[in-house]
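# Tertiary structure, described
Here's the letter readout for the chains.
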Amino acid sequence: MIKARIVGTGSTTPKRILTNKELEAIVDTSDEWIIRRTGIKERRISSNGQGEDTSEMATTASLKALEMARILPEAIDMIVMGTVTPDRQFPSAACFVQKALKASKAVAFDVSAGCSGFLYGLSIANNAIATGTCKNALVIGAERLSSVTNWEDRSTCVLLGDGAGAVVLTPSIGADGILSTHLQSDGNFWNLLYSYDERSKIPEILDTIEGKPFSLSMEGNKLFKKSVVCLADIAASALENNGLSCNDIKLLVPHQANLRIIKAVAERLKIPMERVYVNIEKYGNTSSATIPIALDEANREGLLKQGDYALLVTFGAGLTWGASVVKWSI
Ligand code: ACO
């Protein structure tokens with residue numbers, strides 16, 4: 001049976017580093033608290049006019065992934081982009097990427113699935129390749145969360161950052177590739193993490209939102225507990241579905257929201273931290289971008305070799321969560 005395999009990875013983050021120390025001057029927090037409670041030391045923040053808008057970072061990451069894959073943009077049939085911070089409400093950020101890459105054949109669209117956007121996109125593109133709808137696909141996770149961050153809210157602003165990652169998929173008829181993707185959603189818990197905007201309910205004449213499209217509301221503590229259970233359960237199902245055990249996994253690549261969440265999930269899955277990819281200390285939570293950035297860094301560091309099993313797990317607003325088992329093919 002045909003499935004998709006990853007043949008290229010790429011990522012980028014903005015130049016500007018915002019340290020915990022700098023945040024101490026903005027909100028009532030401390031470097032010590034942020035590191036102890038989250039594992040984050042610094043994050044990257046986009047600057048205007050520096051090629052660091054969401055679609056611009058997505059384009060940079062995509063070009064790196066295409067270069068590794070040795071595939072030209074004209075050969076891409078589908079661009080799927082997970083994001084909650086597209087440049088504009090519409091058109092999709094994926095269409096801006098298509099334009100910038102001159103990927104004229106590609107159908108392009110965004111997926112809104114909170115932090116799970118990349119894995120949702122991976123699942124869509126994998127299915128499109130498996131059914132023959134498309135041959136070569138670009139799957140991106142890109143965010144400019146700093147544009148929607150409430151910089152007066154210490155409970156969220158210390159967590160978030162900007163960046164983008166991308167993978168190129170092509171058909172695989174061998175044993176390698178995306179072995180399965182598993183997705184779940186539960187809208188009953190929407191109010192654990194949401195945007196304040198409610199734009200569809202605001203008559204235009206009363207719309208007094210000043211400059212900012214929206215900011216976030218988050219019940220961190222409840223999300224924390226829910227995410228550990230959802231992530232561990234869906235990862236275990238993904239392993240079972242493929243007849244694999246935790247010992248078979250060379251690298252767990254989890255969504256990077258909180259180091260304590262990552263450790264708790266790894267412990268439940270009985271995967272030692274040496275086999276878990278963590279870069280949250282450098283970037284914080286970049287939502288849809290965390291997994292493709294981590295995957296690209298792990299790949300370029302040589303942590304994954306052909307035939308290795310990687311387990312990707314994600315959790316985000318919606319609620320949405322998911323997992324995917326990948327037999328590495330680069
Ligand atoms: N600096 C200092 N103190 C803080 C800060 C801060 N930045 N933020 C909160 N506090 C305080 C709180 O006010 C509270 O004080 P109180 O005890 O006097 O009331 C105390 O710290 C403890 O607050 P908690 O919210 O219970 O702290 P917790 O240990 O749960 O850590 C955190 C908070 C980091 C948000 C954690 O709950 C978390 O990471 N949750 C999950 C977040 C998540 O996964 N979100 C995203 C999923 S989707 C996505 O990735 C976008």
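The preceding data block contains the structure.
The following paragraphs examine the structure supplied in this document. (Residues numbered from 1 in each chain as written. Predicted model: local features only at pLDDT ≥ 70, side-chain atom pairs only at ≥ 80, totals over all residues. Heavy atoms only, no water.)

## Regarding the nonpolar core
Grouped burial of nonpolar side chains is what soluble globular proteins tend to show. This is how the line gets drawn: In this description, a nonpolar core means a group of buried Ala, Val, Leu, Ile, Met, Phe, Trp, Tyr and Cys residues linked to one another through side-chain atoms lying within 4.5 Å. Note on classification: 1.4 Å probe, protein chains only; a residue is buried when its accessible area is under 20% of the maximum for its type, exposed when over 50%, partly exposed between these limits. Put simply, DSSP marks the helices as runs of H or I at least four residues long and the strands as runs of E at least two long, and each gets a number from the N terminus on. Residue contacts follow a heavy-atom distance rule, with two residues in contact if any of their heavy atoms lie within 4.5 Å.
Grouped together as the largest cluster of nonpolar side chains are 31 residues, with contacts concentrated most on Leu122, Val167, Leu169, Val253, Leu295 and Leu312. Elements with a minimum of two residues in this core: strand S1 (3-12), strand S4 (78-82), helix H5 (117-130), strand S6 (137-144), strand S7 (162-172), strand S11 (249-254), helix H10 (290-300) and strand S12 (309-316). Sort the elements by how many residues they give to this core and H5 lands first, with seven residues. If near-sequence neighbours (up to four positions away) are discounted, Val253 is found in contact with Tyr277, Ile291, Ala294, Leu295, Leu311, Leu312 and Val313. Judged by nonpolar contacts, the second largest core, of 29 residues, contains Leu192, Ile234, Ala235 and Ile261.

## Re the sheet that holds strand S13 (residues 320-327)
Put simply, the test is: By definition, two strands form a pair when at least two bridges between them are found by DSSP. Axes here mean lines fitted to C-alpha atoms, for a helix over just the part in contact, with angles spanning 0 to 180 degrees between N-to-C directions.
Strand order in this open sheet of four strands is S8-S13-S12-S11, and the pairing throughout is mixed. Two strands lie at the open edges of the sheet, namely strand S8 (177-185) and S11, each paired on one side alone. Neighbour-to-neighbour, the strand axes of this sheet turn through a mean angle of 10°, independent of strand direction. Taken together, the five bridges between S11 and S12 define a ladder with parallel strand orientation. The residue of S12 that forms the bridge with Pro254 is Val313. Each of S8, S11, S12 and S13 is contacted by helix H7 (residues 220-241), which is oriented at about 145° to S12, the strand it contacts most.

## Digging into the pairing of S1
Of all the 10 residues making up S1, nine are buried; the element is thus mostly covered by neighbouring parts of the structure. Relative to S7, S1 is paired through nine bridges, and the arrangement is antiparallel. Counterpart to Lys3 in the pairing with S7 is Ser172.

## Notes on the environment of Pro91
Along the chain, the position of Pro91 falls in the loop between S4 and helix H4 (93-101). Under the relative-accessibility criterion, Pro91 is labelled partly exposed at 39%. Residues Pro91 and Asp110, spaced 19 residues apart in sequence, show a C-alpha to C-alpha distance of 9.2 Å.

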